[in-house]
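The residues making up each chain are set out below.
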Amino acid sequence: MKWIESIGRGLFEPERETSTGELWFFKFFELFVAVYTILFVWEWGWYTQLRNVEVVLPLGLANYLDVSIFFDHNLALIHAALITILVILCFFRLGPKWLYMVVVILFHLQYVIRFSQGEIPHSQNLIGMSVFCFAIGAWFFPGEKQMPRFVMGSIIFFIGLGYTSAFFAKLIGTGFNWYDGRHLWLWISEKSIDILSREGAYYPNFLQQMALKSTVIASVILLIGWFTELIGFTMWWKKIRPYTTTLLIAMHIGITLTMNIRFDAFVMQLILVGYPWYKLADYYMTPMPDLVRKWV
Amino acid sequence: MNTEQTKRGMKVIGVILLIYAVLVGAHEGEFWPFSIYPMFSQAGNPWTRAMVLDVTEVPDEMMWQTQSPHKKSGAPVSMREIGVDQIDFSNFISKTEKWTESRRDAVRLMFGPDNIGDSRWMTAKVHGRMIGRDSVAVTIQPFLLVTADSVYMNPHLDESQYYRGEN
C-alpha cells in the first residue's frame, strides 16, 4: 500500500546514505536515553524505599505480581543497581542482542513498583518507549548502520502516534466540545490545589489569569493544543517533522504555563528527535582529518 | 536502511502495534511505556484532590468544618518540604475506597512521624465542580487528622465516606 510505503520512507529514509554525523548523533542520543533511564530508576528506587507502604493502584505487571515485596530491604535500590549495570552493558554493546529487552522489562517493573500509589504519570513514557525501540532495534536490526535508522524512525513513529492518540482519546472521552474554555477553568483550579499543597502557596500567572477571565481565551488555548495533538502524526514525514515538532514543543510550554505540568525529559527528547541534528554534526566533522573523523 | 529493510521495519512496527493494542486494551489503556494517553480526556467532570492543613492551633470544634481555599482554618503543609510526591499523596487520599486501619496508618507513615512532631495535621479532600455556567466552586472537606502516633476520622462524616462500596 502506498501510504505505508510513504510512512516507511518518511521514517527510515532508505534513499539517504548513513553519514558519520548520523552515527555520532545516534550514540549521543543513546547516551541521553541511558542517562535518563539510570536517573529514573534510582529516583523511583529511592522514593519506593522511603515512601511506598501499600499498593493502591497496580499497573502493568503489578496486576500479576505483588510488587510490595520491593518496598523494603532496599530491594528497589538493588533493582535500580541491576538496571544500571545492564544499561551500561547495552550502551557498549556488551552481551547478547536481547539484553536491551531485559532492560525494558526491568525498567517497566521499576515503574510499576514506584507508581503503585495511584498516580499514572506519562512524562517518562518517551524515555521508556525509546528504550523499547532500542531493544527492538538491537534485536532485529543489529547492523551498525541499520540500528540507528530503525531506532530513530520507530521512536518518531510512536511519538507521532501518541499525540494523535491523545487527540482521539479526548474526542471519544468528551466529544467535540472538549475545547470549551470552562473545562480549562476546572483544570486550572484543580492544578492550583496541587501547587498549593506541594509548595504551600499558589499564585496564578498571567496566562492563567487571562484564561480565567474569558471563556473565549480559554477555549482558544484548548483548541490550539488539541489541534496540535491531532497533527502529531505528521512527524512521520521528514519534511514536515521540524514544524510539527516546534508546534508540539510550544504546546508543552503552553501546558506548563496553564496547568503547571512540566515535561522536561519529554521536551528535551522532542528537540533531539524532531530536528535533523546529524546535518550539524556532519557540517562540523567534514573539515576534520580522516583519522580523527574515523575515531569519532 | 535500503528499501527491503524499510519494508521489514514497517512490518516490525506493525507487529509492535498489535502487541501495543493488546496490552493497553487488556490493562485499561496503560501498560507502561505503552499508553493511549488518556490524560485530560474527560473534560468538565468534578474533581477531587487532597491537601494538608496545619491545625495545631485551631480549636477542635472548628477544625472539622468544611472550608474554602480563601478561608482555611490552618496554613497548608508543603508536601515538597516533607519529601512526599503531591500527586501520589492526592491519589492515595482520593482513590482509596476502604479506609482500613492499616490504610489510615499508611498516611501517617507517608508523612513521617518525625516530620509531624508535636503538630496536628489535617488531611483534607478538596472538591471542585462547575456552578452554573461561569464559575468553579472549590470546597475543602477535613478527612483525617494525623498526629505523630495516631490518625482520627472526621466525626461529622458518615461512615460510608470511609468505606465506599460497603453497606
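Residues numbered from 1 in each chain as written. Chains lettered and ligands numbered in written order. Predicted model: local features only at pLDDT ≥ 70, side-chain atom pairs only at ≥ 80, totals over all residues.

1. Description of the interface of chain B and chain A
Buried accessible area, meaning the area lost when the parts come together, often serves as the stated size of an interface.
Okay, step 1: The interface of chain B with chain A comprises 54 residues on the first partner and 56 residues on the second.
Okay, step 2: Residue assignment for the side of chain B that touches chain A shows that the elements contributing at least two residues are helix 1 (3-26), strand 1 (30-31), strand 3 (47-54), helix 3 (86-95), helix 4 (101-111), strand 5 (121-131) and strand 6 (135-146) of chain B.
Okay, step 3: With nine residues, helix 1 of chain B is the single largest residue contributor to the side of chain B that touches chain A.
Okay, step 4: Along the lines of polarity and charge, the residues of the side of chain B that touches chain A split into 30 nonpolar, 16 polar and eight charged. (Contact = placed C-beta atoms within 7 Å. Helix = DSSP H or I, 4+ residues; strand = E, 2+ residues; numbered from the N terminus. Nonpolar A, V, L, I, M, F, W, Y, C, P; charged D, E, K, R; others polar.)

2. What about the confidence of the model for chain A?
Low-pLDDT stretches of the model should not have their predicted coordinates read in fine detail.
Okay, step 1: Averaged over all residues, the pLDDT of chain A equals 92, while 99% of them reach at least 70.
Okay, step 2: Least confident of the elements in chain A is helix 13 (residues 290-295) of chain A, whose mean pLDDT is 69; most confident is helix 3 (residues 75-91) of chain A, at 97. (pLDDT = per-residue confidence, 0-100.)

3. A few points about the nonpolar core
Okay, step 1: Of all hydrophobic cores here, the largest spans 71 residues; its most connected members are V112, I155 and I156 of chain A.
Okay, step 2: In terms of nonpolar packing, the next biggest core, distinct from the first, is built from 30 residues, F92, M110, A124 and V146 of chain B among them. (Core = buried A, V, L, I, M, F, W, Y, C linked by C-beta atoms within 7 Å. Buried ≥ 20, exposed ≤ 12 C-beta atoms within 10 Å, placed from the backbone.)

4. Examining helix 4 of chain B
Okay, step 1: Listed in full, the buried residues belonging to helix 4 of chain B are A106, V107, R108, M110 and F111 of chain B.
Okay, step 2: On its buried face, helix 4 of chain B sits against helix 2 (20-51) of chain A together with helix 3, helix 5 (113-116), strand 5, strand 6 and strand 7 (151-153) of chain B.
Okay, step 3: With its phi angle positive at about 90 degrees, G112 of chain B sits one or two positions after the end of helix 4 of chain B.

5. Quick word on the pairing of strand 6 of chain B
Taken residue by residue, a regular strand's side chains alternate between the two faces of the sheet.
All names here are of chain B.
Okay, step 1: Sheet topology places strand 5 next to strand 6; 11 bridges connect them, and they run antiparallel. When the sheet's bridge partners are listed, M122 is paired in strand 6 with L145.
Okay, step 2: Adjacent in sequence and paired antiparallel, strand 5 and strand 6 are bridged by three residues, among which G132 carries a positive phi angle near 65 degrees.
Okay, step 3: In sequence, strand 6 turns back onto strand 7 through a hairpin of four residues. (Pairing = 2+ DSSP bridges.)

6. Re unusual backbone geometry
The phi angle of most residues is negative, glycine excepted, and most peptide bonds adopt the trans form.
Okay, step 1: At the junction of W32 of chain B and P33 of chain B, the peptide bond is cis and its omega measures out at 0 degrees in the coordinates.
Okay, step 2: As for its placement among the helices and strands, P33 of chain B is situated in the loop between strand 1 and strand 2 (34-35).
Okay, step 3: Phi angles above zero are rare outside glycine, and N74 of chain A is one such case at about 60 degrees.
Okay, step 4: Take N74 of chain A: it is sitting in the loop between helix 2 and helix 3.

7. Some remarks on the sheet that holds strand 7 of chain B
Okay, step 1: Here five strands make up an open sheet; going across it, the order is 4-3-5-6-7 (chain B) and the pairing antiparallel. Two strands close off the open sheet at either side, each with one partner strand: strand 4 (75-76) and strand 7 of chain B.
Okay, step 2: Lying on the sheet, helix 7 (residues 181-199) of chain A is in contact with strand 3, strand 4, strand 5 and strand 6 of chain B; it crosses strand 3 of chain B at an angle near 25 degrees.
Okay, step 3: With respect to the sheet, helix 3 of chain B is in contact with strand 3, strand 5 and strand 6 of chain B, its orientation differing from that of strand 3 of chain B by roughly 110 degrees. (Axes fitted to C-alpha atoms, helices over the stretch in contact; angles between N-to-C directions.)

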